[in-house]
Amino acid sequence: MKVRYSYLKQQFSNCDDLWKKLKHFVSTEDFTLGKELHKFEKNFAKLMGTKYAVGVNSGTDAIKLSLRALDIGRGDEVITAANTFVATIGAITEIGAKPVFVDCDDTFCMNVSLLEKKITKKTKAIVPVHFTGYMTNMPELMKIAKKYKLPVVEDACQSILANINKKNAGTWGSFGAFSLHPLKNINVWSDGGVITTSNLKHYNKLKLLRNHGLVDRDTVKICGYNSRLDTFQAVVGNWLLPKAKDIANQRIKNANFYDNHFSKLQQIQIPPRPKNFKLVYHLYIIFADKRDELLNFCIKKGIQAKVHYPVPMYMQESVRFLKHKKGDFPVTDAHTKKIITFPCDQHLSLKEMKYVVKCVNDFYKK
Ligand SMILES: *Cc1c(COP(=O)(O)O)cnc(C)c1O
C-alpha cells in the first residue's frame, strides 16, 4: 500500500464549479486588486476575527511587510523561534534585521519562559511561530510583549484556525501572517499570503506596502513592494474558505485517531495536547525511539513519512553570520533526532491511517 504525502490531486479533483468561476473571472479583466480579492480579504478577516485582512504575494511577504509596517530594518533585532521554516528567517534578514533565536519546547513552538532574557535595546519585535499547527503560548508571550512594549507579528502560516481559549492564531499580536502556498492547510494554485490586523493605521500602510507605495496611479507615498495577492488566486481562495473549518476539523479527527493508537506504544511519545488549545495539525509530528530506522521502515512500506526538519534553521549555512554552534538550542537539537511526521491531511482515508498504525506497530514488534 502507498500512503502519499501530497494530497493536491484530491484537493482539486472535484471543482467544476471553481473552473466555471475562473472562466467568468477571466472575462472580467479584473486581474489586479480586483473585486474577488476584496471579497476574499473581507471573508478571511471575518473567519479569523480581525477587522482587516490584506492579501499579499506569499506567507514570507506577509511577515516581511508586517515588519516593514513597523519600520523595522537594518540594525534591529527580531526575536523568533530557533526551529522554524526558513521563510520566517528570510523575511527578517531580507529587510536587514537580525534574527535572534529562542529554543522551543515539546509543543514545537517557542518556549516563552526563555524569551525575556533575549530582549535587548535593539529588539524591535517578536515573531512567534505557530509551528506544525500548534500555538505558541500567546497569553504568556503577550504579557512579556506588553511589559517591554514590543509589537508582535505572529507567523501563523501553518496554523489557520488554530486557537487558544477560542482566540485564533494571527489575532493576538499586531499582525498575523498566513500562507496560502499549495502545501499549506488552505492552499491556492501558486504562492499567496494574507496579513490580518485590527489596526486601521497598520491596515492602510500594508495596502501601500504591497502595491509599490502607490496612493493612486500618479502618487507614490512610500517605498514599497510588488506583493499583491493575484485576484485569480483570490477566486480559488473564495472557493476554499467556506471549507476551512471542515479541513481543520478533519485533520484534528485524524490526529486523534493516530494519538489514540500511538499512545499505546511505549516507544512513541505524543507531544502535549493542552485542552484549551485547538491544534490544526498542518504537520502531525510525534517523538519516536529509533527514529531513523522507523523512518526507513515506513518509507520502505510505501508511507511518505518525513522529518521537519533534520537540520534546524539556526544551524543552516545561510545564517552562519549569527555564529551559532550546535548545542545552542538543546531542545531543538534533541527534536531533530526524535521527530517523525506522518500524513494527516483531510483527504487521508481511514484505511491509509490504519496501515500507518500497523506499520509502526510492526516495526517495534520486530
Ligand atoms: C510556509 C511558511 C512560511 C512562508 O510561507 P510562503 O507562503 O511559502 O512564503 C513562513 N513560515 C512558516 C512557519 C511556514 O511554514
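This structure is a prediction, so every number in the text was calculated from the model and none was measured.

What to know about the sheet that holds strand 2 (residues 77-81)
Read from one edge of the open sheet, three strands run 3-2-4, paired in parallel fashion. Every interior strand has two partners, whereas the edge strands, strand 3 (98-102) and strand 4 (123-127), have only one. Averaged over neighbouring strand pairs, the angle between their axes works out to 30 degrees when direction is ignored.

Comments concerning the sheet that holds strand 13 (residues 277-278)
Taking strand neighbours across the sheet as the criterion, the three strands line up as 7-6-13 in an open arrangement whose pairing is antiparallel. With partners counted over all chains shown, the strands left at the sheet margins are strand 7 (167-168) and strand 13, one partner each. Two strands pair when backbone bridges link them, and strand 6 (residues 163-164) and strand 7 are joined in this way by two bridges, in the antiparallel orientation. Opposite Ile-164, over in strand 7, you have Lys-167 as the bridge partner.

So, the nonpolar core
Tyr-258, Phe-262 and Phe-342 are the most contacted members of the largest nonpolar core, which has 95 residues in total. When residues no more than four places from it in sequence are discounted, the contact partners of Phe-342 are Tyr-5, Tyr-258, Phe-262, Tyr-284, Ile-286, Cys-298, Ile-303, Ala-305, Val-356 and Val-360.

A word on the site of the ligand
The local shell around the ligand holds 15 residues, among which Thr-60, Asp-155, Gln-158, Ser-179 and Lys-184 are the closest. Gly-59 places a polar main-chain atom, nitrogen or oxygen, 2.7 Å from an oxygen atom of the ligand. At 2.7 Å from a nitrogen atom of the ligand is found a side-chain nitrogen or oxygen belonging to Asp-155. Expressed as a share of its isolated accessible area of 380 Å², the protein-covered part of the ligand is 93%.

Topic: the pattern of salt bridges
What the rule picks out here adds up to 14 salt bridges. For Asp-345, the salt bridge identified is with Arg-4, shortest N-O distance 2.9 Å. A residue pair is termed long-range when its members are at least 10 positions apart, and Asp-345 in the loop between strand 15 (339-342) and helix 12 (350-365) and Arg-4 in the segment before helix 1 (8-11) qualify at 341 residues. For the pair Asp-345 and Arg-4, one class covers both residues: buried. Here Glu-94 makes a salt bridge to Lys-64, at a shortest N to O gap of 2.8 Å.

Describing a positive patch on the surface
On the surface, Lys-290, Lys-300, Lys-301 and Lys-366 cluster together to form a positively charged patch. With respect to the helices, strands and loops of the structure, Lys-366 is situated in the segment after helix 12. The exposure class assigned to Lys-366 is exposed, which follows from its relative accessible area of 70%.

As for the packing of helix 3 (residues 35-48) against helix 8 (residues 231-240)
Where helix 3 meets helix 8, the closest approach of the two axes is 8 Å, and the angle between their N-to-C directions is 45 degrees. By the angle between their axes, helix 3 is oblique relative to helix 8. Viewed along their axes, helix 3 and helix 8 form a crossing whose handedness is left-handed. The residues of helix 8 that touch helix 3, namely those facing Glu-36, Leu-37, Lys-39, Phe-40 and Asn-43, are Thr-231, Ala-234, Val-235, Gly-237 and Asn-238.

Considering the pairing of strand 2
With five of five residues buried, strand 2 is to be regarded as a mostly interior element. As judged from the five bridges shared by strand 2 and strand 3, these two strands associate in the parallel manner. In the strand pairing of strand 3, Ala-81 is matched with Val-102.

Notes on the packing of aromatic side chains
For any pair of aromatic rings, the description rests on two quantities: the centre-to-centre distance and the angle between the ring planes. Taken as a whole and assessed by the stated rule, the structure comprises 24 aromatic pairs. Ring plane angle 45 degrees and centroid distance 5.4 Å describe the contact between Phe-25 and Phe-31, whose orientation is recorded as tilted. Assessed through its relative accessible area of 4%, Phe-25 is described here as buried. With a centroid separation of 4.9 Å and an interplanar angle of 40 degrees, the aromatic rings of Tyr-258 and Tyr-284 are classed as tilted. With Tyr-258 in helix 9 (residues 244-262) and Tyr-284 in strand 14 (residues 284-288), this residue pair connects regions lying 26 residues apart in the sequence. The residues Tyr-258 and Tyr-284 share a single accessibility class, namely buried. A network of ring pairs unites the aromatic residues Phe-12, Trp-19, Phe-25, Phe-31, Trp-189, Phe-232 and Trp-239 as a single cluster.

As for the environment of Lys-184
Along the chain, Lys-184 turns up in the loop between strand 8 (175-179) and strand 9 (193-197). Residue classification places Lys-184 among the buried residues on the basis of a relative accessible area of 13%. Apart from the residues lying within four places of it in its own chain, the contact partners of Lys-184 are Tyr-7, Cys-157, Gln-158, Ser-179 and His-282.

Cut-offs used in this document
Residues numbered from 1 in each chain as written. Predicted model: local features only at pLDDT ≥ 70, side-chain atom pairs only at ≥ 80, totals over all residues. Heavy atoms only, no water. Pairing = 2+ DSSP bridges. Helix = DSSP H or I, 4+ residues; strand = E, 2+ residues; numbered from the N terminus. Axes fitted to C-alpha atoms, helices over the stretch in contact; angles between N-to-C directions. Core = buried A, V, L, I, M, F, W, Y, C linked by side-chain atoms within 4.5 Å. Buried < 20%, exposed > 50% of the residue type's maximum accessible area, 1.4 Å probe, protein only. Contact = heavy atoms within 4.5 Å. Near = heavy atom within 4 Å. Polar contact = N/O pair within 3.5 Å; in protein donor to acceptor, adjacent residues only side chain to side chain. Areas by Shrake-Rupley, 256 points an atom, 1.4 Å probe, with all protein chains shown as cover. Salt bridge = Lys/Arg side-chain N within 4 Å of Asp/Glu carboxyl O. Patch = residues over 30% accessible without salt bridge, like charges linked within 9 Å, V, L, I, M, F, W, Y side chains within 5 Å. Lys, Arg positive; Asp, Glu negative; His and termini not counted. Charge placed at Lys NZ, Arg CZ, Asp CG, Glu CD. Parallel < 35°, antiparallel > 145°, perpendicular 65-115°, else oblique. Left-handed = near helix turned anticlockwise from the far one by under 90°. Phe/Tyr/Trp six-rings, centres within 6.5 Å; stacked < 30°, edge-to-face > 60°.

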